[in-house]
Amino acid sequence: MEDSSGSNESIKRVIEALLFVSESPVPIERIGLVLEDLDSSEIRKAVEELKNDYETAKRSLVIQEVAGGYQMTTNPLYALWLRKFLKKTHGEKLSGPSLETLAIIAYKQPVTRQEIEFIRGVNVEGVLKALLEKGLIRIQGRKEIIGRPLLYGTSREFLEYFGLSALEELPPIEEFVQQGEQLEASLPEDSSEAATPAQQDTQNESKEITS
Amino acid sequence: MGYKIKLELFEGPLDLLLFLIKKEEMDVTDIPISQITQQYLEYLEVMQLLDLEIAGEFLVMAAELMRIKSRLLLPPEEQPAEELEEEDPRAELVRRLLEYQKFKEAAKRLGNFESTRKEVFTRRTGEILNLSEEGGEAYFETGIFDLITAFSKVIQRLPKKILYEIVKDEFTVEEKIHEILHLIVTEPVLYFSKLFEKAKSRLEVVATFLAILELIRLQEIVVRQKALFDDIEILRNTEKVQPKVKENS
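About the thresholds
- Residues numbered from 1 in each chain as written.
- Chains lettered and ligands numbered in written order.
- Predicted model: local features only at pLDDT ≥ 70, side-chain atom pairs only at ≥ 80, totals over all residues.
- Heavy atoms only, no water.
- Helix = DSSP H or I, 4+ residues; strand = E, 2+ residues; numbered from the N terminus.
- Buried < 20%, exposed > 50% of the residue type's maximum accessible area, 1.4 Å probe, protein only.
- Areas by Shrake-Rupley, 256 points an atom, 1.4 Å probe, with all protein chains shown as cover.
- Pairing = 2+ DSSP bridges.
- Contact = heavy atoms within 4.5 Å.
- Axes fitted to C-alpha atoms, helices over the stretch in contact; angles between N-to-C directions.
- Salt bridge = Lys/Arg side-chain N within 4 Å of Asp/Glu carboxyl O.
- Core = buried A, V, L, I, M, F, W, Y, C linked by side-chain atoms within 4.5 Å.

**Here's the deal with the overall build of chain A**
- Assigned secondary structure in chain A consists of ten helices and five strands.
- By the burial criterion, 38% of the 211 residues in chain A qualify as buried.
- Summing over all exposed atoms, chain A offers an accessible surface of approximately 12400 Å²; the carbon and sulfur share of this is 54%.

**Considering the sheet that holds strand β4 (residues 137-142) of chain A**
All names here are of chain A.
- Ordered in space as β3-β5-β4, the three strands form an open sheet in which the pairing is antiparallel. Two strands bound the open sheet, and with one partner strand each, they are β3 (111-112) and β4.
- Summarising the sheet, β4 and strand β5 (residues 150-154) pair through five bridges and their orientation is antiparallel. Across the sheet, Ile137 pairs through a bridge with Thr154, a residue of β5.
- Sheet strands touched by helix α5 (residues 96-108): β3, β4 and β5. Its angle to β5, the strand with the most contacts, is close to 95 degrees.

**Regarding the pattern of salt bridges**
All names here are of chain A.
- Summed over all chains, the structure comprises 27 salt bridges over all chains.
- A salt bridge links Arg156 to Glu160; the shortest N-O distance between them is 3.5 Å. Placement of the pair is Arg156 and Glu160 together in helix α8 (residues 156-162), with a separation of four residues, close to one helical turn.

**Description of the environment of Thr74 of chain A**
- One can find Thr74 of chain A in strand β2 (residues 69-74).
- Between the C-alpha atoms of Thr74 of chain A and Gln64 of chain A, which are ten residues apart in sequence, the distance is 9.6 Å.

**Focus on the nonpolar core**
- Counting 30 residues, the largest nonpolar core has Leu102, Phe158 and Phe162 of chain A together with Leu110 of chain B as the members making the most contacts within it.
- Looking at this core, the elements that each hand over two or more residues are α5, α6 (113-120), α7 (125-133) and α8 of chain A together with α4 (91-118) of chain B.
- Per-element tally for this core: the top contributor is α5 of chain A, with six residues.
- With residues up to four places along the chain from it excluded, the contact list for Phe162 of chain A reads Leu94, Leu99 and Leu102 of chain A together with Leu110, Phe113, Glu114 and Arg117 of chain B.
- Counting residues in each nonpolar core, the second largest holds 25 residues, with Met26, Met47, Ile68 and Leu98 of chain B among its members.

**A word on unusual backbone geometry**
Residue and element names in this part refer to chain A.
- Between Gln109 and the following residue, Pro110, the backbone shows a cis peptide bond with an omega angle of -5 degrees.
- Summarising the element assignment, Pro110 is placed in the loop between α5 and β3.
- With a phi angle near 45 degrees, Ala67 is a residue other than glycine that sits in the positive phi range.
- Relative to the assigned elements, Ala67 resides in the loop between β1 (61-66) and β2.

This is the structure we're talking about:
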C-alpha cells in the first residue's frame, strides 16, 4: 500500500498496459474488473488523463474512444509508413450499396429487409448477407407483423469499423435533408406539363407556395 | 450465352433518377415527368444495347413513371371538394427520392468515417494477420526464378528408371490444373515439393509445373515462401475472390 494520492500515475500505467495488449476497444467496466478498488468514474478520469498525456506527448500512438471503449491506435499521421510496412494499399472499402444499406440500418434500426428495400429501391438480400458476414450488422429479432420478418441493427463492430464511440456520434439524419422542407410546403399544384399554360406568364411565385 | 455485366454505376432506379435530375438540373420537387420518363427509358435502352443485365426494379420504375405521366395527362377528376387538394401524382415518387437522397448523403458520411478510420492502425488487425498468418512468420511472394529452381530440383530428384515409363502415361496441363484446383479447395496450403512427390514421370512433373504457372497467371493461386530456398507454398488467391474481412475475435 503506497500512498494513494500518487496512485493515479500507477493506475494510468496499468490502464496503458491493458490498452496496449488489447485487440479491440476496452470498455471501462472491463478495466474495472482489473482495478477492483476503483469505480467507473475514477477509471474514466484516469483513461481520459492518459489520453491527454498521449496527445500532449505527441507520440505515434493515441488513445481513442471507440465502440463504447478505449483503444490504442496509431496516429493517422503515420498511416503512410504503416501502409508501406504492412504492404497494404488503402484497403478495401465498403461498396456504395453496402454503405447505403448500412446508413439506412444505422438510422432506422431495428429495420426489416423490406423497409430497407423500399428506401433503396433495389433488392438488398446479397448486401445484407455480406454485411452480416462482416459482422457489421446483427439480427435483432423479428418484427411482429405478418411473416415475422427479421429485424436488422448495427453491431459493436460497426462502431469500431467506422471509429465511432457510439451511435449517437452519427450526425442526426435531419442534417442530410436538403430540399426536404420545401417539399412538404409546396408540391406545386399545377403540373408543369399538360395543364395551365396560361398561368405560366403571370408572376405567381408567391401564390405557388400557398396551399 | 454471353456475359451479363451488372451495371454498378446505377445501383437502382432511384439512383438513376437522381442522376438524371441532377444532370438536367431539375427540381426534385417539380420533376418534368415526361422529360424524365423519356430519358429514363433511353438509359434502359442503352443498357440493353450493351447487354447489361437490367434488374427488374428498373422496369418496375419505368412502369411507375409512365403511370404518373398518364395520370398527369388526364383531366382532374370532377369530384366534390371532398379532398380539397388532390395529391400530385408525383408526390409519392418525390418523397421516395428525397428519402433516398438523405440516406445517400448519410452513406457518404459513413464513407468519410471509414476513410478516417483506415488511417489508423490498431494492434493485430485483420491486415496484420494477413501478413503473418501462422505464428507470426513473414512470407514473401515467390518469384518465377524460385519456382524454376524448385522445379529443377524436383526434376533432378526423379528416379532414373521411371523415366522410361514416360510413354505409358499421358498428362495434360489441363488435367493438372483441375487436380491442383481440387486439392487446394480441401487443403489450404499445398507444398511445392509434396505436389511433385507422387509424380511418376518427367512429363507429369512438367505438366504440373506448367499448370502452376498457368494458375498463377490466372490469379487463381499465389505462391510464397518463408525464406529464400525454403519450400514453396501454394495457396488460393483469395484476395481476388473476396476482400479480406476482419476476423471477429
